[in-house]
Amino acid sequence: MNERKTVFITGASRGIGHATAAYFVRQGWRAITCSRDPVPPQCPRDERHAHITIDLANIDRLEGAIEQLYAILGDGELHALVNNAGYSPKAPDGSRLGCLDGDLAVWQKTHAINLMAPVFFARACVPMLHKTQGAIVNITSIAGTRVHPFAGSAYSTSKAALTALTRELAADVAHLGIRCNAVCPGEINTAILSPGTDKLVERIPLKRLGSPEEVSAIIYFLCSDAASYITGAEIPVNGGQDLF
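Keep in mind it's a predicted model, so treat the numbers as computed, not measured. (Residues numbered from 1 in each chain as written. Predicted model: local features only at pLDDT ≥ 70, side-chain atom pairs only at ≥ 80, totals over all residues. Heavy atoms only, no water.)

Student: Hey, could you go over the pattern of salt bridges for me, with residue numbers and the actual values?
Tutor: For the coordinates displayed, the defined rule picks out two salt bridges. A salt bridge links K5 to D225; the nearest nitrogen and oxygen atoms lie 3.9 Å apart. With a gap of 220 residues between them, K5 in the segment before strand 1 (6-10) and D225 in the loop between helix 6 (212-223) and strand 7 (234-237) connect regions that are remote in the sequence. Of the charged contacts, one joins E214 and R208 as a salt bridge, the two residues approaching to 2.8 Å between their closest N and O atoms. On the basis of relative accessibility, which here comes to 32%, the residue E214 falls in the partly exposed class. (Salt bridge = Lys/Arg side-chain N within 4 Å of Asp/Glu carboxyl O. Helix = DSSP H or I, 4+ residues; strand = E, 2+ residues; numbered from the N terminus. Buried < 20%, exposed > 50% of the residue type's maximum accessible area, 1.4 Å probe, protein only.)

Student: How would you sum up the layout of surface pockets? Please name residues and give values.
Tutor: In this structure, the second largest pocket occupies an estimated 170 Å³ of space. In terms of lining residues, the second largest pocket is bounded by R146, V147, H148, P149, L200, R203, Q241 and F244. Here the lining of the second largest pocket is built from residues that sort into four nonpolar, two polar and two charged. (1 Å grid on protein atoms, 1.4 Å probe; cavity = no way out; pocket = protein on both sides within 12 Å on 5 of 7 lines; lining within 4 Å. Points joined across faces, edges and corners; volume = space filled by probe spheres on them. Nonpolar A, V, L, I, M, F, W, Y, C, P; charged D, E, K, R; others polar.)

Student: So, the packing of aromatic side chains: which residues are in play, and what are the values?
Tutor: Taken as a whole and judged by the stated rule, the model has six aromatic pairs. Pairing Y23 with Y220 gives two aromatic rings, centres 5.6 Å apart and planes at 50°, and the pair type is tilted. With a gap of 197 residues between them, Y23 in helix 1 (residues 15-26) and Y220 in helix 6 connect regions that are remote in the sequence. The burial state of Y23 is the same as that of Y220; both residues are buried. Their ring planes at 75° and their centres at 5.1 Å tell us that F24 and Y220 sit as a pair that is edge-to-face. Taken together, the residues F24 in helix 1 and Y220 in helix 6 connect sequence positions 196 residues apart. Residue classification places F24 among the buried positions, given a relative accessible area of 0%. Judged by its relative accessible area of 19%, Y220 is buried. (Phe/Tyr/Trp six-rings, centres within 6.5 Å; stacked < 30°, edge-to-face > 60°.)

Read these as geometric descriptors, not functional statements.
Next up, the structure:
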């Protein structure tokens, strides 16, 4: 029997991250997750899943997360890193924040979670992924390619930067046998959807929201041997939303 593979997933207490952890576990992997919230009760609490509680906005604490990751792995190996954690700030009334709105602390927090944490975790995990010829998957967003009616400017620019980071990482780690790709979701049925999303659905060719599981399946594919010759790619999962 082959040794169980292990994936490290950030921002996995709900939504796409939680669905991805569950998907990998169903495929026989072990999932190690991290988020600022405790692990949801519906997650398995056994040898298939371990959780690290940490606020990724605090860059000074990221080293502690890696120390915990090493402690959990023990003599085991890491086969994939999924940078999923994301933060999308809103105005007090829930409206979109543009370039001229909010203070710079909001931008710093957004980019710390959405960009700097992926940079840190990629650097920290590369030595482990080199040993296993593993994979990195970054979760970007359709908001990184166009002005979005709900996602604000800080979020959008951080996701655009994450797309560029995916490309740069793919070039930097290819000689180590590590692949780096991105999954770019559109309107996915999670808790962070904004009021009015139903109007966007009318313009999606498939006429529905995507599910977290549909995103998880693509993430898993990119981490699997089936995607062994794919690197530097960004795969849209948006029901054709970017066709028009």
